Amino acid sequence: MNADTCVVVPTVRNPDCVRAYVANAREHGHADRLQFLLVTEEFCDTAAMERMLEELDVPGAVVDGPAREEWLRERGVGEYSHLIPAASHAQTSFGLLYLWSEGFDYGVFLDDDTAPHDTDFFGRHYDNLARTGEVTHVRSDERWVNVLYQNFEEHGLYPRGYPYSAMDETVETTTEPVDRVVASQGLWTNVPDLDAVRILMDGDLQGQATTLTSREDYDEEFVAAPGQYLTVCSMNLAFRREVVPAFYQLPMDDNEWGVGRFDDIWSGVFLKRAADLLGDSVLTGYPLCEHNKAPRSTFDDLASEAPALELNEHVWRLVDDAGDGAGTYAEAAAAMAEALVRAGDRDYRNAPFLELVGEYTLDWLDCLDALAPLPAREPAAADD
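Let me sum up the structure you'll find in this document. (Residues numbered from 1 in each chain as written. Predicted model: local features only at pLDDT ≥ 70, side-chain atom pairs only at ≥ 80, totals over all residues. Heavy atoms only, no water.)

### Regarding the overall build of the protein
Right, so step 1: In terms of regular secondary structure, the protein is built from 12 helices and 13 strands.
Right, so step 2: Taking 2.2 N^0.38 as the reference for a compact globule, 384 residues should give roughly 21 Å; the C-alpha atoms of the protein span a radius of gyration of 19 Å, in line with that estimate.
Right, so step 3: Overall, the C-alpha framework of the protein stretches about 55 × 50 × 45 Å when taken along its three principal axes.
Right, so step 4: When burial is assessed residue by residue, the protein has 59% of its 384 residues classed as buried.
Right, so step 5: Of all intrachain contacts in the protein linking residues separated by at least 6 positions in sequence, the fraction that spans at least 24 positions is 83%.
Right, so step 6: Accessible surface, the protein as shown: approximately 15000 Å² in total, 45% of it carbon and sulfur.
Right, so step 7: On the protein, the mean spot of the 28 positive side-chain charges and the mean spot of the 72 negative ones are 1 Å from each other. (Helix = DSSP H or I, 4+ residues; strand = E, 2+ residues; numbered from the N terminus. Rg over C-alpha atoms; globule rule 2.2 N^0.38 Å. Buried < 20%, exposed > 50% of the residue type's maximum accessible area, 1.4 Å probe, protein only. Contact = heavy atoms within 4.5 Å. Areas by Shrake-Rupley, 256 points an atom, 1.4 Å probe, with all protein chains shown as cover. Lys, Arg positive; Asp, Glu negative; His and termini not counted. Charge placed at Lys NZ, Arg CZ, Asp CG, Glu CD.)

If you want it as structure tokens, here you go:
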């Protein structure tokens with residue numbers, strides 16, 4: 001069987017995380033579906049990473065900054081190299097270009113400080129992407145769903161990127177059918193994915209948390225109901241190829257305003273809006289991964305997040321009425337990008353960054369067009 005899934009791992013600290021995921025895939029019969037792409041930096045030992053993939057006997061590639069530049073030039077899209085920010089987690093955008101160009105059907109994002117639980121990790125993601133039928137739908141009066149809502153009364157946590165103005169929400173759940181899932185977001189045990197302000201409030205100065213999560217904090221998979229938003233974290237995420245136009249990871253860190261750490265958060269907002277427009281769903285919950293976050297200064301993370309904290313309170317509203325009538329993820333992304341370009345003169349701190357995000361997203365769509373045509377949309381599963 002030819003690999004149909006590109007597993008993208010941004011790594012500078014722990015490329016050996018791949019070993020546990022390969023072992024899990026082999027144990028459950030998915031290894032032949034996977035190709036690994038390690039996105040790294042020039043100062044890292046790329047040769048050692050390549051040897052590891054050879055030892056594991058899995059197809060894959062290791063790309064540092066110069067290799068990414070060369071790959072883009074060879075495919076005639078070198079003019080779009082600015083889309084991949086330097087020294088940023090948002091370099092996962094290169095993984096999106098790679099899987100788009102190489103024709104993979106699915107993508108998986110994994111962070112290098114995670115490990116799979118002893119269950120069928122990739123199989124659960126594949127099952128989620130094929131899921132139809134009755135699923136728990138979650139909504140709140142603030143139009144935001146806390147992905148940690150299931151045991152909130154016990155731990156009181158809100159994830160990174162959840163707007164402060166949407167806290168203290170009233171949650172409602174219903175059971176409704178889904179026709180088509182385009183993204184499967186697995187959650188995390190051990191260190192939860194919190195922003196710097198919430199980590200400080202939890203009493204930790206090393207970028208981690210004193211309140212940890214466990215399997216008991218999660219019940220079943222759920223979707224945020226149409227018209228509702230949620231945080232999307234790329235440390236454990238599988239998705240269909242067709243969402244790539246609306247899932248650009250943005251020019252984080254490498255910008256004049258110093259904005260960082262909102263790559264997956266804002267791209268998740270755009271993905272959710274696009275999925276709603278097209279009648280698709282983003283499923284959240286399982287499979288779980290263990291998040292063993294390396295210690296680092298909470299104040300460094302705060303410095304990256306602070307320039308866009310105000311923007312994060314508003315960005316979802318700016319795109320909330322964009323894209324009506326869109327028939328593809330590219331059309332939805334273009335409409336949201338244009339809305340962001342127009343928002344550059346808003347009276348928000350660092351609002352011009354929104355205009356840059358919009359302009360880069362339009363460039364992103366042009367780059368994808370140059371790499372490959374938009375794939376045909378698969379029909380939704382028919383009712384029995």
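### Regarding empty space enclosed by the protein
Right, so step 1: As enumerated under the stated definition, the model contains 2 cavities of 30 Å³ or more in all.
Right, so step 2: As a volume, the largest cavity reaches approximately 60 Å³.
Right, so step 3: With 4 residues, helix α11 (residues 329-342) is the largest single contributor of residues to the lining of the largest cavity.
Right, so step 4: Here the residues of the lining of the largest cavity sort into 10 nonpolar, 1 polar and no charged.
Right, so step 5: In this structure, the second largest cavity spans a volume of roughly 50 Å³.
Right, so step 6: Lining of the second largest cavity is provided by Arg160, Gly161, Tyr162, Tyr164, Asp195, Arg198, Arg261, Phe262, Glu305, Leu309 and Asn312.
Right, so step 7: Considered class by class, the residues forming the lining of the second largest cavity number 4 nonpolar, 2 polar and 5 charged. (1 Å grid on protein atoms, 1.4 Å probe; cavity = no way out; pocket = protein on both sides within 12 Å on 5 of 7 lines; lining within 4 Å. Points joined across faces, edges and corners; volume = space filled by probe spheres on them. Nonpolar A, V, L, I, M, F, W, Y, C, P; charged D, E, K, R; others polar.)

### Focus: helix α9 (residues 298-305)
Right, so step 1: Burial in α9 covers these residues: Thr298, Asp301 and Glu305. Seen along its axis, α9 keeps its buried residues to an arc of 60°; they face one direction. For α9, the exposed residues lying more than 90 degrees away from the buried face are Asp300 and Ala303.
Right, so step 2: For α9, the secondary structure elements touched by its buried residues are α7 (196-201) and α10 (309-319). (Arc of directions from axis to C-beta.)

Purely spatial values, then, with no claim about function.
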